[in-house]
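The chain contents come next:
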Amino acid sequence: MRTLIFFGSVLMLSGCSVSHYLKRELKNSTVLSQQHTGVSIQKLGEKKELAAYQSNKYYNPASNTKLFSYYAGLCALGDSIPGLEYLEWGELLIIRGTGDPSFLHPDLPKSKVFEFLKNRKEPIFFTAYNFENKRFGPGWAWGDYNDYYQPEVSPLPVYGNIARFSGNTSSGETAERFQVAPAYWNKAMVLDTAASGIEREEGQNLFHHSRLGVPQGLIQDVPVRMTDAITVQLLSDTLKKEIKLINIPLEIELKKVNSIPSDSLYKRMMQVSDNMLAEQLMLLYASANGLPLNTEKAIAHAIEHHMSDLPDKPVWKDGSGLSRYNLFTPRTITTLLQKIHQKVPQEKLFQILPAGGKSGTLNNLFKSNPPFIFAKTGSLSNNFCLSGYLITKEGKTLVFSFMNNNFTRPTGEIRKEVERILTGLHDKF
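- By the naming in an unreviewed UniProt entry, the protein goes by D-alanyl-D-alanine carboxypeptidase/D-alanyl-D-alanine-endopeptidase and is assigned to Dyadobacter fanqingshengii.

Right, here's the structure in full:
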């Protein structure tokens, strides 16, 4: 009898039993029956898959793409983000962006670049000559230009490339029931009774609002139409000194100013799935590798130099996952997760990723104390993916990627089914 019990416990922990459990649950799931599903599960530190279901097929990863941007950042950046490059040219200071998104960003630590520029006495000129990107990525929905999750890409973002509108919390009736930061945009407000919330004109920075604007206590972030001229205007207004444009290449070695700790950028990018930070991170990767600020060139370089060993070459088009053109396989994502774990101590990694039932986009899923899931969500209409690390009740750490595309059910139903299956994996193994 003891032999049978021992054999059964070994079998339960084997790859065979994990594979059987996964295939049974997927086969019997009515929720996942009319969609495309792919799953890859590995033990941490092992290349062979414990269980797989269509793991060699390509799926749109949505924000699971940020895992690739994160790894690129780990390969290129140190403990601090390079915030600015500059040249002291006679009595002039010429600056250019590295893609760093932290300057005056409302949700990131204060950047050291601010004090650097504030304390310089000489005339300052800004050049964007090294920027080769378009404001939107390939495959983005251009109609989403007004939505908080799609700020424009730029060489030197200012205030996160957004205008932040907040409802006044003061009591009493006031003529203005909301405020905007930075205050620079107060002059760009247009009263419009047909507007719902704050609606920016597509081609310019005119913000239409109803008399209410933003309800009390709420916040609406609206992307700004960024241009080089707007960049220097915002810099000048904030620094209280004139910053001028100059369009020249800087092909000699430049000095650099670091801005914020890298982990503070990575954590916010992962926790709230911040698209703007992910896009700018790929420009930071380009800058760190001596490339023009160009996402396509950054991605090609990262694949060639750091991800050539992935089982299936990614079709990788942007930093955030907004693009419908991105295509990854589940087994490629689990391999990448193994590589990430090799670069980042597990304790730190699990603080950066959303934790089930505790933080970020997993705050309301996988509720357990302590958490047993640390993973990145990815959501677009008709797509939901979840990839990361799972700790079983036996204390084993598994690496997984669970990708769901082309479903017509409400996304909440898919999330709950993924939660059910992965929780079962945790409980049984």
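Once the structure has been displayed, the description carries forward.
Focus: the side chain of Glu 417
- Within the secondary structure layout, Glu 417 lies in helix H11 (residues 411-428).
- Here Ser 29 takes part through its side chain, which lies 2.6 Å from a polar atom of the side chain of Glu 417.

Overview of the environment of Tyr 266
- Residue placement: Tyr 266 occurs in helix H6 (residues 262-271).
- Between the alpha carbons of Tyr 266 and Ser 69 there is a distance of 9.6 Å; along the sequence they are 197 residues apart.
- Among all residues touching Tyr 266, those that are not within four sequence positions of it are Tyr 70, Gly 73, Leu 74, Leu 77, Leu 281 and Ile 352.

A closer look at the packing of helix H3 (residues 65-76) against helix H7 (residues 275-288)
- In contact at an axis separation of 9 Å, H3 and H7 are set at 35° when each is read in the N-to-C sense. Considering the relative orientation of H3 and H7, their crossing is left-handed. Contact residues: H3 offers Lys 66, Ser 69, Tyr 70, Ala 72, Gly 73 and Ala 76, while H7 offers Asn 275, Ala 278, Leu 281, Met 282, Tyr 285 and Ala 288.
- Residue composition of the contact of H3 with H7, grouped by class: 8 nonpolar, 3 polar and 1 charged.

Focus: the pattern of salt bridges
- Under the counting rule described, the total for this entry stands at 22 salt bridges.
- Residue Glu 85 is joined to Arg 96 by a salt bridge in which the shortest nitrogen-to-oxygen separation is 2.7 Å. Remark: Arg 96 occurs in strand E4 (residues 92-96) and Glu 85 occurs in strand E3 (residues 80-89); sequence separation between them is 11 residues.
- Residue Lys 416 is joined to Glu 419 by a salt bridge in which the shortest nitrogen-to-oxygen separation is 3.5 Å. Here Lys 416 and its partner Glu 419 are both found in helix H11, 3 residues apart, which amounts to about one turn of the helix.
- The class of Lys 416 is partly exposed, set by a relative accessible area of 48%.
- Beyond isolated ion pairs, a larger network of salt bridges with shared partners links Asp 107, Arg 164, Asp 221, Arg 268 and Asp 274.

Let's talk about the sheet that holds strand E6 (residues 162-167)
- Overall, antiparallel pairing links the 3 strands, which are arranged E7-E6-E11 in an open sheet. At either margin of the open sheet sits one strand with a lone partner, and together these are strand E7 (178-181) and strand E11 (219-223). Shown here is a sheet whose adjacent strand axes are inclined to one another by a mean of 20°, direction ignored.
- Here E6 pairs with E11 via 5 bridges, running antiparallel.

Parameters and conventions
Residues numbered from 1 in each chain as written. Predicted model: local features only at pLDDT ≥ 70, side-chain atom pairs only at ≥ 80, totals over all residues. Heavy atoms only, no water. Helix = DSSP H or I, 4+ residues; strand = E, 2+ residues; numbered from the N terminus. Polar contact = N/O pair within 3.5 Å; in protein donor to acceptor, adjacent residues only side chain to side chain. Contact = heavy atoms within 4.5 Å. Axes fitted to C-alpha atoms, helices over the stretch in contact; angles between N-to-C directions. Left-handed = near helix turned anticlockwise from the far one by under 90°. Nonpolar A, V, L, I, M, F, W, Y, C, P; charged D, E, K, R; others polar. Salt bridge = Lys/Arg side-chain N within 4 Å of Asp/Glu carboxyl O. Buried < 20%, exposed > 50% of the residue type's maximum accessible area, 1.4 Å probe, protein only. Pairing = 2+ DSSP bridges.

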